[in-house]
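# Working through the structure, step by step
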Amino acid sequence: MRAEEIPKAVITFLKRPVAMILIAGLVIRLVLMPLLTYGYDVSHWALTIQHIQAGEGLYGLSGYWYTPVWGYILGIMSVVMNVFGVTDYGHLFDELLHVESFVGFYTATLTTPVFNFFVKIPMLISDVLVGYLVYRIIKERTGDERKATYGFALWFLCPLVIYTSSVHGMFDSIYVMFMVLSAYALYKGHDLLAGASLAVAVLLKVFPLFIIFVLIAYIVLKHKGDLGTMRRRILTAAIGAGVMALIIYIPQILDGTVMDSLAFFTSRVDGGPVSADDGVWSSLVSFGMRLVIWLQLALFAVAALLAYRMYKKGAGDKDKAFFTCLMVTASVIFIWPAQPSFLMLTLPFLICFIAMYDKRFIVPFAVLVTGATLHAVNNMSVFLSLAAYTDVMKISTVVSMMEWMQQPLLFGLSKHSVVMVVTAVIEVIGIILILLYWRRHEKEAGSYG
Amino acid sequence: MVKKDAALVIMVLIFSMIIVGQALSYFAVPYNYGASAETTSDGVMYTATSNSSVSYTVLAYDNAKPIDTLHIYYDASHAVYGTSHASQKSFISQLSAELEIRGFVGSVKVTDAAGLLEVVDAAYEPGDAILITSGVLPKGVYDGETNFKIFDWVRDGGSLYWAGYAIGGKYADGKTLMDAPATYQSDIFGVPDSILTEQRTSTERSGDLSKALMLSRTNVTYGLNVTAVPDTLSVGFEYTAGSGDVYSSIALTQYDDGMICVMGGMSRTSIAQIIASGITPSSTLIGTDGGSLVRGGVAERTIPLSGETDVAVQIRIGDPNVVYARTIFL
């Protein structure tokens, strides 16, 4: 494209519905990003950045509980904020110290709106890129611009996606982006990149690991009878994954902090970091978390079986079998009361399926997103930064709202805990509905038909 | 062709960014800081420098006493209370890193029970301090009945920093945890109920020095009774008991020629701050200052003095978490 053609191309793009959706989604995010934030997680991003600035890397001092990839992204954002002259990351507010003992995870350290804005930029970018990939996959598979735009809208305007990235400040959309990229690259035959992308996704959060069986089964299915190509593709993807994982972990291998980087998993196996003072709720969470950890082993087996089934029955439209199996696997692995942000992994594949194959899946999509979004927004502390750094509302008002949610409602459980239980049930119903709709779709269209 | 592979080009770009982020976090960390201070006719002039965008805080206080050697007690062959040896080891490692960030110039020595006995048996060396994070003293230096060696060492001028349990409440006879006599609080501090043994937290900050030092520990359990124990400075969060006595999550008390700092709970940043600052029970806040350096620069300002002695200035860069700090004893 020549330089003089660019403005014309931009104007043409802006006239398309997808551009309107993009702009609307961006405006909503840009307004929310600085104003509302979940201080507990975002203050840990400030802590991580400042540990990097102190020369302690990601694990020299405790406070960063995830694998290194997100930490490296924070390392970049540290430089970006420096360039933009951001000096004020946050402050400890004495009047909020007591909220740290509330049920849930709350902090008296509140990050500033400008910090909130900058630290969420990578999530904003990944939201756009996931939307783009969803659009691209649907467009390539169907050739229908309208369907692709519909898919983009379902992702980019989804309240759960907007909340997770722009309010919560959690990086789930980044590992979702790498997961979708991995599937897309494999679909396009770029195995090295597919493997590398999967490695990054898994090293952000473990859930994409469940998808690995589908990816392998897809290659095997694609090249049934051609053992050489099959082996070459799997080996290439494995090399991509291995090399990328090694590159990512070089600093931790050198300084002996590999085990520290796995705290996200190991702390949960121990029953999870329950800090709550609500006896019933603490016990429930601790027990539930242990149960969920062990359930993962069973779900791993289920994911493998689903992949095997695709290999056996997906010989017709292999690509449809692939995207269907991705959707089903990314759903079934969350058939437990997952944190809302985890469910982001389900959405792109579900959306692709809705737009490409069966629009009736919009019902389970709506149920799932409603449950997960209500689960996520059950958190009054997101107003604390706004109250602390602007005159829009008072800190005491937000604290009153938080205290009200902490009051007992049912069986010794607080309102906050009851809402979490109810919304978690809706989430699980959403997942079950996906599986029921899938069975109906299979009955009507045949296995992967 | 370009359009066709746009997603893959984006992927490669993102991979590159991650590698760049890795380099910026580990191999090419681009941040440099500096701090200094000196007395002038107007007071104390401090300098804070940075090559990046930062906020900084400065505080000046008096009656400060630097620590030359910090002996941290750790002995895997002796009992601990409310913690494990692995956690204690990790805590000490992290605390050492926090002290390094704060430019603690004294030497840090991790010492076992035998080493601790050697320290308290030897004549007190000015600048020596002991940190106990296990909540339990080894029998060689304390048994609550006839052996008070570690407290005698403090009386001679030593500094004892304490965390983990009620000070003097238990001691370790090897792996066996022993209870000290019930009168241990009076035996150590001369007054009963000198330690809070109930589980309590507080959000009532003791004062400006506490805020200026950015101390954040709110757990008052095992904190010192700052009402009953004389010559005590409270720099933590305060809980008022039914008796009207006030207990503090962090308090320093004069102990003849030495000092005991009692900390409720365990906070590595607060402990590091207290030790690096060198504050004593008679320290008072002279003044504070602060500001920002946008994309690097030098801040040079003066905090006025009015005849205070043993003044120290702590210059901290980074908020809410310290990325660099220096304490200059003038």
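Residues numbered from 1 in each chain as written. Chains lettered and ligands numbered in written order. Predicted model: local features only at pLDDT ≥ 70, side-chain atom pairs only at ≥ 80, totals over all residues. Heavy atoms only, no water.

## Here's the deal with the packing of helix α11 (residues 212-222) of chain A against helix α12 (residues 227-255) of chain A
Residue and element names in this part refer to chain A. Quick reminder of the rule: Note on geometry: axes are lines fitted to C-alpha atoms, helical ones only across the stretch in contact, with angles between N-to-C directions running from 0 to 180 degrees. Each helix is a run of DSSP H or I of at least 4 residues and each strand a run of E of at least 2, with the numbering of both proceeding from the N terminus. An angle below 35 degrees is read as roughly parallel, one above 145 as roughly antiparallel, one from 65 to 115 as roughly perpendicular, and any other as oblique. Crossings are assigned a handedness: left-handed for a near helix turned anticlockwise from the far helix by less than a right angle, right-handed for a clockwise turn. Note on contacts: a residue pair qualifies if any of its non-hydrogen atoms lie within 4.5 Å across the two residues. As a working rule, the residues Ala, Val, Leu, Ile, Met, Phe, Trp, Tyr, Cys and Pro are called nonpolar, Asp, Glu, Lys and Arg charged, and the rest polar, with Gly in that last group.
Orientation of α11 relative to α12, taken along the N-to-C sense of each, is 155°, at an axis distance of 8 Å. Considered as vectors, α11 and α12 are oriented roughly antiparallel to each other. In this structure, the crossing between α11 and α12 has a hand that is right-handed. Contact residues: α11 offers Ile216, Ile219 and Val220, while α12 offers Met230, Arg233 and Ile234. A per-class count over the contact of α11 with α12 returns five nonpolar, no polar and one charged.

## Side note on the interface of chain B and chain A
A common way to report how large an interface is uses the accessible area buried once the components associate. We apply this condition: Buried area counts how much accessible surface, traced with a 1.4 Å probe, disappears from two parts once they are put together, with both parts' losses summed. Should a side-chain nitrogen of Lys or Arg be within 4 Å of a carboxyl oxygen of Asp or Glu, the pair is scored as a salt bridge. Here a polar contact means two N or O atoms within 3.5 Å. Within protein one must be a hydrogen donor candidate and the other an acceptor candidate, and residues neighboring in sequence count only if both atoms are side-chain atoms.
With 49 residues of chain B at the contact, the number on the chain A side is 59 residues. In total, chain B and chain A occlude about 4300 Å² of area from one another, counting both sides; carbon and sulfur atoms represent 66% of this. It is Phe15, Ile18 and Tyr26 of chain B in chain B that bury the most area against chain A; as a group they hold 15% of the surface buried on that side. For the pair chain B and chain A, the interface holds two salt bridges. One salt bridge in this structure joins Lys211 of chain B and Asp94 of chain A, with 3.6 Å as the shortest N-O distance. Across the contact surface, chain B and chain A share 18 residue pairs in polar contact (both at pLDDT 80 or more). Elements supplying a minimum of two residues to the side of chain B that touches chain A: α1 (6-27), β3 (54-61), α2 (85-101) and β17 (285-293) of chain B. Among the elements that line the side of chain B that touches chain A, the one with the most residues is α1 of chain B, at 17 residues.

## Remarks on the nonpolar core
Our working definition: Side-chain atoms within 4.5 Å link the members of a nonpolar core, which is a set of buried Ala, Val, Leu, Ile, Met, Phe, Trp, Tyr and Cys residues. Relative accessibility under 20% of the residue-type maximum defines a buried residue, over 50% an exposed one, and the middle range a partly exposed one, all with a 1.4 Å probe and only protein chains included.
Grouped together as the largest cluster of nonpolar side chains are 130 residues, with contacts concentrated most on Trp45, Trp70, Phe178, Phe322, Phe334 and Leu347 of chain A. With 13 residues, helix α9 (residues 172-188) of chain A is the single largest residue contributor to this core. Core analysis: the second largest hydrophobic core is formed by 37 residues, Ile132, Trp162, Val229 and Tyr255 of chain B among them.

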